[in-house]
Amino acid sequence: MRKRNLLLIFVVLSFVLAGCNKKNNTDDQNFNYAVEKFADLQILRYKVPGFENLDLKQKELVYYLSQAALEGRDILFDQNGKYNLRIRRMLEAIYENYQGDRNSDEFKQLELYLKRIWFANGIHHHYGCEKFIPGFSPEYLKTLILNIDTINLPLKKGESVSELCSEVFPVIFDPNVMPKRVNQVDGADLVLTSACNYYDGITQDEAEAFYAQLKDPNDKTPVSHGLNSRLVKENGIIKEKVWKVGGLYSPAIEKIVYWLRKAEGVAENEKQKEVISNLIAYYESGDLSKFDEYVISWVNDTDSHIDFVNGFTESYGDPLGMKASWESLVNFKDLEATKRTQTISDNAQWFEDNSPIDDKFKKSEVKGVTAKVITAAILAGDLYPATAIGINLPNANWIRAEHGSKSVTIGNITDAYNKASHGNGFGDEFIYSEEEKALIDQYGDLTGDLHTDLHECLGHGSGKLLDGVDPDALKAYGATIEEARADLFGLYYMADPKLVELGLLPSQDAYKAEYYNFLMNGLMTQLVRIEQGNIIEESHMRNRQLIARWVLEKGADDKIVELKQKDGKTYVVVNDYVKVRELFGQLLSEIQAIKSTGDHAAAREIVENYAVKVDPQLHEEILERYKKLNLAPYKGFVNPIYEAIVDDNGEITDVLVTYNEGYAEQMLRYSKEYSSLPSINE
Ligand code: ZN
């Protein structure tokens, strides 16, 4: 927040208003979605349409929640790996202070490495989890470190530069040290072989035993054990170090709480105020039952225009799926687009009743499926710079069953993706014929959005566990099975005449665009995200290949879906869309049975058979074709800047949003303004 005198505010305001009018007239033409491209990444920016129309109090609320969001960035860096903050700060010090040749190849490689670390919130790939290989030598790095003033370096008290180097160099350069952030290879000790910072000196068996003894099988409303702590062994005793005010990550959490208190003061209504105060109580106590109270109040707050996620939320970064990475998203409702998801959720019971799963796994009453399209105002933590386009929370099964869940699709982010991808040559390369291209041109964006809506609004919320089934029974396979379930639910209904009847699709053929896109992605094109020789580990990717490979195999005799060769290239050909839908229905039924009964053996078999392995020849071909397109397989975003304008009394008189910050510029600013944790957190 910057304080300014009134005259200056006036000047700034009229300038911005003039700029605004101009932008409205030419709409998208002036907005630069593309920021920059490096490695396998493309950086985009997103618009926040409608922010100007919020009233002052709402703008203030967004502002405070955005500050609370940005304060958590360092937490995620540390969660992703013990040395991440130290390495980031060391490289930033060089990047900002090195006076030598900044145009040499090695310096450019160092810059690239730092940009990748910013993107991944650590030294491992954000998606594939493998450690980055630096394109510069240890000797070169050492020269640079010695070249800058030690005052800029993240040295511990009394530590010499050589000691710093000998601690972090193996982490950066030795391929055998911390090679994977999250290791999912079947049979390995997943805890010991994962570099993420959720366990220290603990084996997988010890971690599983520790949490098994905390679980009470008769507890119908269990807290999410392990969610907000690091599990450590000290003097032979295994214990949790809780992330809270006064605990681990306290300096960052205190700042988050500071901004949340400000937000509490301008809440839109009592319900929202309660949500914020419950979250503060949880951050202050670290008590997981308070987390559940917060979550329940959050689920119940459906009327507020502004909403947010702030906290330890998703557990994809823990090989055991318990410990949650820190993330934040601040958003407000996109009222026009929400009509679409409202229609879906209004009909939730119809979808549940007509689903092709066994009746005993169906919910007799689908509760609280709220759905909305939102406009993201800020992305942070594990949602920045790479972000999800749909979110469905909370994760605790009993809370979802008793209190419902909130589903959102992020309209302005999806829009930015779509705008940035049109005409990039991808479809021309991978889609089989003009017929499919025409379908996808006409319906692809719409059916993609709709599939996401169905996945988030209905898919995750459908079905139920049989009584007595442990929600974690599927262990490491749980996330893949859950994502497959949600995707299949959406895919199955995409082709249902009900969607045309409800006005969600303009034609009974439109669904084919999504079927083709999904199968092409699952069978071939998502492989562009995997390096040659690697297997698939990320659960959403596993889920997509599971579905696509299963359908390919089960429909092989009738040639329902084929991989065909044309001019020496492989293409997906769908010969019978109606049969594809039947197969999606069959697989949904199987996957739901695995989930509902907690059948770990069946989950393992189907995931290991269909979801993990990659055909090396096809993979090589796809990578080669993709490389020629010169596109980046991963995308992320820089955030807009929110600037509070303050009068002489310290009152906020307006909040301005601007979009012109660059990528490195934003990262360096965040590292200065929102960086309260020590380099090593123990
Ligand atoms: Zn999902």
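Above: the structure in question.
Just so we're clear, the structure is a prediction, and the values are computed from it rather than from any experiment. (Residues numbered from 1 in each chain as written. Predicted model: local features only at pLDDT ≥ 70, side-chain atom pairs only at ≥ 80, totals over all residues. Heavy atoms only, no water.)

J.: So what's going on with the nonpolar core? Which residues, and what values?
T.: Counting residues in hydrophobic clusters, the biggest one holds 143 residues, and the most contacted among them are Leu 141 and Tyr 642. Tyr 642 has contacts with Val 48, Phe 51, Val 62, Tyr 63, Ser 66, Ala 377, Ile 378, Val 655, Leu 656 and Val 657, leaving out every residue within four places of it along the chain. Judged by nonpolar contacts, the second largest core, of 67 residues, contains Ile 357, Leu 499, Leu 523 and Tyr 610. (Core = buried A, V, L, I, M, F, W, Y, C linked by side-chain atoms within 4.5 Å. Buried < 20%, exposed > 50% of the residue type's maximum accessible area, 1.4 Å probe, protein only. Contact = heavy atoms within 4.5 Å.)

J.: Lay out the pattern of salt bridges in plain terms, naming residues and giving numbers.
T.: A complete count under the given rule lists 38 salt bridges for this structure. One salt bridge in this structure joins Arg 230 and Asp 78, with 3.1 Å as the shortest N-O distance. Taken together, the residues span a long stretch of sequence, with Arg 230 in strand 5 (residues 229–234) and Asp 78 in helix 3 (residues 73–80) at a distance of 152 residues. Classification of Arg 230 by relative accessible area gives buried; the value is 2%. (Salt bridge = Lys/Arg side-chain N within 4 Å of Asp/Glu carboxyl O. Helix = DSSP H or I, 4+ residues; strand = E, 2+ residues; numbered from the N terminus.)

J.: Explain the coordination of the zinc ion to me, using residue names and the numbers behind them.
T.: Listed as protein donors to the zinc ion are His 455 (NE2), His 460 (NE2) and Glu 483 (OE); their distances from the metal cover 2.1 Å. For the zinc ion, the donor residues sit on a single chain with the sequence spacing H-x4-H-x22-E. Linking His 460 in the loop between helix 17 (434–459) and helix 18 (478–494) with Glu 483 in helix 18, this pair joins segments that are 23 residues apart in sequence. In this structure, His 460 and Glu 483 share a single accessibility class: buried. (Donors = N, O, S within 2.8 Å, 3.2 Å for Na, K, Ca; no water.)

J.: Give a description of the packing of helix 17 against helix 18 that names residues and reports values.
T.: Where helix 17 contacts helix 18, the two axes come as close as 8 Å, and the packing angle between them is 125 degrees. Considering their axes alone, helix 17 and helix 18 lie oblique with respect to each other. In the packing of helix 17 onto helix 18, the handedness of the crossing is right-handed. Listed contacts from helix 18 to Thr 447, Leu 450, His 451, Leu 454, His 455, Leu 458 and Gly 459 of helix 17 are Glu 483, Arg 485, Ala 486, Asp 487, Phe 489, Gly 490, Leu 491 and Met 494. Across the contact of helix 17 with helix 18, the residue classes break down as 7 nonpolar, 5 polar and 3 charged. (Axes fitted to C-alpha atoms, helices over the stretch in contact; angles between N-to-C directions. Parallel < 35°, antiparallel > 145°, perpendicular 65-115°, else oblique. Left-handed = near helix turned anticlockwise from the far one by under 90°. Nonpolar A, V, L, I, M, F, W, Y, C, P; charged D, E, K, R; others polar.)

J.: Talk me through the sheet that holds strand 2 (residues 34–38); I want residue IDs and the actual numbers.
T.: Spatial ordering of the open sheet is given by 2-3-14, a layout of 3 strands whose pairing is mixed. Across the chains shown, the open sheet's two edge strands, defined by having one partner strand only, are strand 2 and strand 14 (634–638). When the angles between neighbouring strand axes are averaged without regard to direction, this sheet yields 25 degrees. Bridge analysis of strand 3 (residues 41–45) against strand 14 gives 5 bridges, and the strand direction is parallel. (Pairing = 2+ DSSP bridges.)

J.: Let's hear about the packing of helix 4 (residues 84–97) against helix 5 (residues 105–120): which residues, and what values?
T.: The N-to-C vectors of helix 4 and helix 5 enclose an angle of 140 degrees; their axes lie 10 Å apart at closest approach. One finds that helix 4 runs oblique with respect to helix 5. As for how helix 4 packs across helix 5, the hand of that crossing is left-handed. Contacts between helix 4 and helix 5 involve Ile 87, Arg 88, Leu 91, Glu 92, Ile 94 and Tyr 95 from the former and Phe 107, Leu 110, Glu 111, Tyr 113, Leu 114, Ile 117 and Trp 118 from the latter. When the residues that make up the contact of helix 4 with helix 5 are grouped by side-chain class, the tally is 10 nonpolar, no polar and 3 charged.

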